[in-house]
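Residue-level listing of the chains:
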Amino acid sequence: MMNFSSWEEGSCCHKQRSMSYQEMEKISFPEKTMEDWKRAAESALKGRAAESLDRLTYENIKLKPLYSAETSAHTPKSQYPGQEDFRRGIEPLGYSKNDWKIAQRIYAETAEDLKQELKRVLENGQNAIVLPAEEHLLESFPGILDGAYREYPFAINAAGSQSSMLAVLAKLPQPKEIHGYIGRDPLAEAASEGLPGDRMVEGLYDDWAVTLEKAGAEMPKLRTILADAVPYHNGGAHAALEVAAAAAAATEHVSRLLDRHLSLEDILSKLVFSFASGGNFFMEIAKLRAARIIWGKIAAAFGAPKDLQKMVIAAETSYFTKTMADPYVNLLRSGNEAFAAVIGGVQYLQVRAFDEVLGNSGFFSQRLARNIQLLLREEAHLLKVADPSGGSWYIESLTNELAEKAWDIFLQIESFGGMADALEKGWIQEQTREILEKKKHDAETRKKSIIGTNVYSNLEDKLPDRGGRLKEGASSGWTIRPLHQERLSATFENLRIKAQELGRGVGQLRAGLISLGELKEHKTRTDFAAGFFAAGGIAAEHSPGVNGFPDAEELLEMDNTCYCICGTNQQYETVGKQLLKEIKEKYPDSVVYLAGHPDSPAEEWRELGIHDFITAKSNVCSILAKLLEETEVKMNG
């Protein structure tokens, strides 16, 4: 019932004098220092130090729980966009004057289909031309383009097809109107594909310089030089290494092309940097800002005027972060990555189709990818705000720290003699592989969640066998050893595919979960175990509450792939050991796991026949790969 007496008492406030605007202006909250915030945090943490909230990134940057003007007082900052050090972007008015270009790749089997597809996407919001760099289509480019090049810029990494593509386009009417970029980075190609031992880097630049000089004369508005960091990102590199690699590659290009008598202005005016935007939102923003800082300093050292110190960036959403399992989650990943790229200040952006890794992206998924960019433009209004991240103490601090880390790595690369020598010596590949192994370990132990893959796996999704394979060949057979392009989820997907193969003819592989006692006693570990096995493609078969061997016998008769005892540590001592003993007596070949760490020594459990312990720190892939191998041996009997 409503308390009317309270309302009547409160209503008297209407008779009191209202506070004037001038009086309100004089009221302020008491100022708080960082120490005040620290004390408040430690109070909420119930005794733990505030420093326990700090986190270390793969770049070895310590992330703090709070950033402020006080903590960032001595960090460099740019006042306005479009000014040195260019961290805030290369345009004073952001995208309001020069918007980023929606540069989605388009696909078709025939030249006529490609022409129709290009026409359709340009009518539906795309504003850059991205055609496949396939030799059999090049001669059809004039008909495919149908004059579109006069209005829209190109945005193509042509790789080894660059020379042929440029030769075809130079024959178009008014080739001097062709703009945008059709670039290549021979070092990035060598890093991703490998450079065979019978080929040398010098030869790559000799041929390339001729192509660039000719294209510069015929199509002066077209950029043709790429410094491509995407292969390093897809190889597993962290943000600092990506920035350093891009800067070192561009430095190598400038130095070698100057030696081949191209002018500094001609080189820098044709240069585009290519980055992949990954899943760490704020780090990706800082990565692009830090890259502009570093390249501005390097270009200035070459003697470039301020306008040529600016970095033109073409970005794409990450291949490394995408998954075959639960592919619609890739939409969320791509949206996050595209958002970070735009906030970071790119000039061209490609969003990958959510089902690209499955090999069957079509009209629907490509439309969704394009619409992510249209939403950022028209719904998020990112065209209207110049550098939205500017002034964020966190992003400004992260930008500075990342720039310092990247600069240190850049100097290390230069100490080898430059990017080409660092690749030839295998240093870039080794550094990238080390970082990848750390990332894979975090994913395999589920310290890093991959939704739909290592957590919340949906076993209704059947995965195609599209696993990548490392390129074979001894290191002596390569001038530059290839850097394997890998997705973080690939190890789990290979497990899922293996489980699918083993299940053909016998049905879905299953783990029998022996749940001790009541629901409240076993639920936490039962749910954990179900998720653990699902990550490797093994479904959970739940038992009713088990208080002894007879309660579990029905489940044990199902001949599951393995079993896992789930309960409390107290139950493990009172019921679990005896239960395990009886299971191994009647079903000696059964594979039985224990969920969690028991109180009694692990060796006691191993002597009773426990196969392994699955815990929050277990390497899921290691344990399940071994289980699937053993299962395959049993099946092949």
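An unreviewed UniProt entry lists the chain under the name Methylmalonyl-CoA mutase, from Bacillus infantis.

Applying the stated criterion across every chain, the model contains zero disulfides. Unpaired in this structure, Cys562 has its nearest cysteine sulfur neighbour in Cys564, at a distance of 7.5 Å. Looking at Cys564, the relative accessible area reads 0%, which means it is buried.

Turning to helix α16 (residues 393-415), a few remarks are in order. Taking 1.5 Å per residue as the helical rise, α16 with its 23 residues ought to reach 33 Å, and the 33 Å between its terminal C-alpha atoms agrees with that figure. Here α16 has its buried residues at Ile395, Glu396, Ser397, Leu398, Thr399, Asn400, Leu402, Ala403, Ala406, Ile409, Phe410 and Ile413. Residues of α16 that are buried make contact with β2 (62-63), α11 (239-259), α13 (281-301), α17 (419-424) and α18 (427-444).

Across the interface, α11 lies against α16 with an axial gap of 8 Å and an inter-helix angle of 50°. Our classification of the angle between α11 and α16 gives oblique. Crossing hand, α11 versus α16: right-handed. Taken together, the residues of α16 that come into contact with α11 (itself represented by Ala239, Ala240, Leu241, Val243, Ala244, Ala245, Ala247, Ala248 and Thr251) are Leu402, Lys405, Ala406, Ile409, Phe410, Ile413 and Glu414.

What follows covers the sheet that holds strand β16 (residues 612-614). Ordered in space as β13-β12-β14-β15-β16, the five strands form an open sheet in which the pairing is parallel. Taken across any chain shown, the strands that pair with only one partner, and hence form the sheet edges, are β13 (539-542) and β16. Ignoring strand direction, the axes of neighbouring strands in this sheet form an average angle of 30°. Sheet topology note: the strand β15 (residues 592-595)/β16 ladder contains three bridges and is parallel. Residue pairing in the sheet places Leu594 in a bridge with Phe613 of β16. Sitting on the sheet, helix α21 (residues 549-556) is in contact with β12 (510-515), β13 and β14 (562-566), with an inclination near 165° to β12.

What counts, and at which threshold
Residues numbered from 1 in each chain as written. Predicted model: local features only at pLDDT ≥ 70, side-chain atom pairs only at ≥ 80, totals over all residues. Heavy atoms only, no water. Disulfide = S-S within 2.5 Å. Buried < 20%, exposed > 50% of the residue type's maximum accessible area, 1.4 Å probe, protein only. Helix = DSSP H or I, 4+ residues; strand = E, 2+ residues; numbered from the N terminus. Expected span 1.5 Å × (residues − 1). Contact = heavy atoms within 4.5 Å. Axes fitted to C-alpha atoms, helices over the stretch in contact; angles between N-to-C directions. Parallel < 35°, antiparallel > 145°, perpendicular 65-115°, else oblique. Left-handed = near helix turned anticlockwise from the far one by under 90°. Pairing = 2+ DSSP bridges.

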